[in-house]
Amino acid sequence: MSIFKHAAEILESKVNHFLDNAEDPAETLDLSYEKMIANLQDTKRHLADVVTERISLENQMAQAQKAADKADADARVALGANREDLARAELAQKQSELQKIASLKEAHDTVAAQAQKLTDYESKLQDHIEQFRTQKEVTKSEMAAAQAEVKVSESLTGIGNGMNDAGDAMRRAQDRTRQMEAKAVAMDGLMASGALSDPLDSRSQTEKELDEVRATSGVDDDLARLKAEMAKEKGTPGSGADGA
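Residues numbered from 1 in each chain as written. Predicted model: local features only at pLDDT ≥ 70, side-chain atom pairs only at ≥ 80, totals over all residues. Heavy atoms only, no water.

Draft legend 1. Highlighting the confidence of the model for the protein chain. For the protein chain, the average pLDDT comes to 78, and 70% of its residues sit at 70 or higher. Looking at the elements of the protein chain, mean pLDDT is at its lowest for helix H1 (residues 3–22), recorded as 54, and at its highest for helix H2 (residues 25–80), recorded as 91. Here residues 239–244 is a poorly scored stretch, pLDDT under 50, and it has zero contacts once near neighbours within four places are set aside; other chains count. (pLDDT = per-residue confidence, 0-100. Helix = DSSP H or I, 4+ residues; strand = E, 2+ residues; numbered from the N terminus. Contact = heavy atoms within 4.5 Å.)

Draft legend 2. Region of interest: the side chain of His108. Here His108 is to be found in helix H3 (residues 84–157). Of the residues examined, His108 reaches a relative accessible area of 14% and is grouped as buried. Beyond its immediate sequence surroundings of up to four residues, His108 is in contact with Arg54, Leu57, Glu58 and Met61. (Buried < 20%, exposed > 50% of the residue type's maximum accessible area, 1.4 Å probe, protein only.)

Draft legend 3. Structural view of the packing of aromatic side chains. Taken as a whole and judged by the stated rule, the model has zero aromatic pairs. One Lys or Arg, Lys136, reaches over the ring of Tyr33 and ends 5.1 Å from the middle of that ring. (Phe/Tyr/Trp six-rings, centres within 6.5 Å; stacked < 30°, edge-to-face > 60°. Lys NZ or Arg CZ within 6 Å of the ring centre and 35° of its normal.)

Draft legend 4. Quick peek at the pattern of salt bridges. Counted under the stated rule, the structure contains 13 salt bridges. With a shortest N-O distance of 2.0 Å, Arg45 and Asp42 are connected by a salt bridge. A residue pair is termed a helical-turn pair when its members lie 3 or 4 positions apart in one helix, as Arg45 and Asp42 do in helix H2 at three residues. A relative accessible area of 31% places Asp42 in the partly exposed class. The salt bridge involving Glu122 is made with Lys44; its shortest N-O contact spans 2.5 Å. With Glu122 in helix H3 and Lys44 in helix H2, this pair connects stretches of sequence that are 78 residues apart. The class for Glu122 is buried, based on a relative accessible area of 12%. (Salt bridge = Lys/Arg side-chain N within 4 Å of Asp/Glu carboxyl O.)

Draft legend 5. The environment of Lys66, seen in detail. Mapping Lys66 onto the fold places it in helix H2. Take Lys66: its relative accessible area is 65%, and that puts it in the exposed class. Each C-alpha atom of the pair Lys66 and Lys94 lies 9.7 Å from the other, and the pair is 28 residues apart in sequence.

Draft legend 6. Up close: the nonpolar core. Core analysis: the biggest nonpolar cluster contains seven residues, these being Leu47, Val50, Leu57, Met61, Leu104, Val111 and Ala115. Broken down by secondary-structure element, the contributors of at least two residues to this core are H2 and H3. With four residues, the single largest contributor to this core is H2. The contacts of Leu47, once residues within four sequence positions are left out, are Ala115, Leu118, Thr119 and Glu122. (Core = buried A, V, L, I, M, F, W, Y, C linked by side-chain atoms within 4.5 Å.)

The structure is reproduced here in structure tokens:
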């Protein structure tokens, strides 16, 4: 593999990695879920503010009603004492408190309606978020399984870079093995022909050939001797039997 091809493969790998991770669907789902949670928290805060305002209006209405009741009771006391002027003043205070209660009640009804809407929205949003969370996890699991299946298929079919590299490496190793085997055969032939010699063997080529002849002759002589001895051994028992 040339250095330019290797550099091109590295560049291609980095580009593919960037494109694959430019938008990770799993991360996008998690981000959407986080935004929904943040929206739910904002809704809860708004609801808390509205409920607080509603309670405050209810307290003001209760105080105004208490003040109206006290003014009515004081008017009775004033009339009992023949102080109609004081009775009128207390009754005027009572009317003022009742008008205040009416205004507070109008505001209270508006805030209470807002609180109910926020409560309903919060409940629906929680249900929607839970459904989204469940579907998100299911989708992520399915996506992970699909990605794993694609990687395995690529490996089995050789589409993946790893299998291509492994195939190239195997072919290079096999070529190298065949080259080494051929070289070994060639070296054996050169050694046998005398073209190459053992650096530790100081004999001349003539001496080597003579030693080989001697060794071959010695083997032939020894083989002939063994044949003669074995033939003699076979003939001895037979001769003894005939003499008897």
